[in-house]
Amino acid sequence: MLTALALRARGYAVTLLDRQQVGQESSWAGGGILSPLYPWHYADAVNALAQRSQQLYPALVESLREETGVDPELLSSGLLMLDDVAGQDSASVQALDPVLWAAARGAVVQRIGAGEVSAVQAGIHHAGESAWWMPNVMQIRNPRLLRALRAALDVHGVHLLEQVEVQGLAISTGRVHGVRVNGQALSADAVVLTAGAWSTQTLQALGVVGEHPPAIEPVRGQMMVLNAPHSGLRRIVMSEGRYLIPRKDGRVLVGSTLEHVGFDKVTTEVARESLHAFALRLCPALAGVPIEAHWAGLRPGSPQGIPYLGAHPEIKGLFLHAGHFRNGLVMGPASTELFVQMVEKEVGLLNAAPYAWSAAR
Ligand SMILES: Cc1cc2nc3c(=O)[nH]c(=O)nc-3n(C[C@H](O)[C@H](O)[C@H](O)COP(=O)(O)OP(=O)(O)OC[C@H]3O[C@@H](n4cnc5c(N)ncnc54)[C@H](O)[C@@H]3O)c2cc1C
């Protein structure tokens with residue numbers, strides 16, 4: 001939806017196709033933390049997009065709220081990390097001193113002692129001697145962001161076709177001329193694939209995977225929410241590679257698992273018990289609070305978590321914008337900005353090379 005809106009803002013006539021309802025997959029399932037977790041472990045290509053998005057989010061949310069009346073609840077909760085676990089994923093590429101890392105990038109990471117931890121967030125169990133504190137980290141209530149974006153599609157005249165699956169591409173003389181859906185041809189000067197975890201699979205199904213297939217694969221994440229208005233939680237707190245995210249209305253999200261199980265989106269009893277036990281260990285005030293919901297989503301996993309945004313190496317007019325892995329909500333606005341600059345052949349703030357279809361990752 002971000003990509004469609006940004007292209008529309010540049011004057012393109014845009015049709016957005018989704019094989020179900022928009023905004024029901026990973027972007028809905030995620031936690032909405034607007035920073036990579038332990039960002040110093042990530043590649044610069046990820047952090048550059050994250051930091052640019054952090055600048056873009058306040059104005060984006062404000063204009064969505066004005067245009068649609070839906071408040072995506074951008075909240076400056078800060079991120080308190082009680083231990084230094086990279087997050088059990090392959091996105092970790094470097095281990096730097098977090099304070100030096102932050103100083104070089106204009107970010108704020110503080111090393112705080114055990115006594116200061118309870119001043120930042122009371123009521124959490126912390127056995128360690130110190131913790132990392134990022135006071136400026138924001139969160140977004142992603143299901144509401146998606147509702148606002150969907151309403152903005154109407155406001156700006158993006159043509160939305162839901163429950164429609166692309167069955168083929170019209171390609172001649174090395175250029176795409178449109179798509180085939182429900183036996184009909186829809187003509188277009190350009191086609192942008194934004195199918196999240198299903199992007200490589202879709203390219204394969206359409207027979208256009210090319211010589212350098214993008215390595216996007218599903219990585220399941222399970223989350224749950226507790227309705228806990230009296231938990232006292234105000235900060236996003238991480239420990240053991242997991243986290244609690246307190247929403248504005250007192251709900252607390254508990255996340256998440258990282259599972260390589262293909263396109264299987266079922267939830268499991270093991271994850272339910274383990275996430276719940278983690279939540280109670282970290283925040284004993286959550287004991288006795290019922291689990292309101294438990295769900296799973298498929299992250300679009302990619303090498304080092306670096307998204308692909310670029311033109312197909314062989315077929316003109318075919319573009320890809322996908323593969324944001326664990327950080328699609330935080331990277332989304334900036335990667336969209338960069339994507340459009342790349343399409344328009346403009347020189348932007350960021351270098352697009354690390355995200356190219358055929359860039360080594
Ligand atoms: C548990 C969990 C926690 C997360 N937490 C965070 C977080 O705190 N912060 C953060 O920044 N990120 C987080 N993420 C990651 C983030 O959610 C994703 O990186 C991001 O949402 C990916 O967006 P997307 O639009 O590429 O994919 P999606 O939101 O999955 O959208 C893909 C869309 O493509 C459609 N589609 C697929 N195939 C086809 C087809 N063939 N034809 C037509 N349509 C198709 C789908 O129906 C879907 O609507 C989390 C993810 C999960 C699962």
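In the block above lies the structure referred to throughout.
Here's what I pulled together on the structure shown here. (Residues numbered from 1 in each chain as written. Predicted model: local features only at pLDDT ≥ 70, side-chain atom pairs only at ≥ 80, totals over all residues. Heavy atoms only, no water.)

With that settled, consider the pairing of strand E8 (residues 166-172). Two strands pair when backbone bridges link them, and E8 and strand E9 (residues 175-181) are joined in this way by six bridges, in the antiparallel orientation. Opposite Val166, over in E9, you have Val181 as the bridge partner. As consecutive antiparallel partners, E8 and E9 are separated by two residues, and within that stretch Thr173 has a phi angle of approximately 45°, a positive value. (Pairing = 2+ DSSP bridges. Helix = DSSP H or I, 4+ residues; strand = E, 2+ residues; numbered from the N terminus.)

The full set close to the ligand counts 30 residues, and Asp18, Ser27, Ile33, Phe325 and Val330 are the nearest of them. In this structure, an oxygen atom belonging to the ligand sits 2.5 Å away from a side-chain N or O atom of Ser27. Computed on the free molecule, the ligand has an accessible area of 1000 Å², of which 92% lies beneath the protein chains in the complex. (Near = heavy atom within 4 Å. Polar contact = N/O pair within 3.5 Å; in protein donor to acceptor, adjacent residues only side chain to side chain. Areas by Shrake-Rupley, 256 points an atom, 1.4 Å probe, with all protein chains shown as cover.)

So, on to the packing of helix H1 (residues 2-9) against helix H9 (residues 328-343). Two elements in contact, H1 and H9, have axes separated by 9 Å at closest approach and are oriented at 40°. By the angle class used here, H1 and H9 are oblique. Crossing geometry of H1 relative to H9 is assigned as right-handed. Residues Leu2, Thr3, Ala6 and Leu7 of H1 form the contact with H9, whose participating residues are Gly332, Pro333, Thr336, Phe339 and Val340. For the contact of H1 with H9, a count of residues per class yields six nonpolar, three polar and no charged. (Axes fitted to C-alpha atoms, helices over the stretch in contact; angles between N-to-C directions. Parallel < 35°, antiparallel > 145°, perpendicular 65-115°, else oblique. Left-handed = near helix turned anticlockwise from the far one by under 90°. Contact = heavy atoms within 4.5 Å. Nonpolar A, V, L, I, M, F, W, Y, C, P; charged D, E, K, R; others polar.)

A word on the pattern of salt bridges. One pass over the full model with this rule turns up 17 salt bridges. Taken together, the shared-partner salt bridges connect Glu73, Arg141, Arg144, Asp249, Arg251 and Glu292 into one network. (Salt bridge = Lys/Arg side-chain N within 4 Å of Asp/Glu carboxyl O.)

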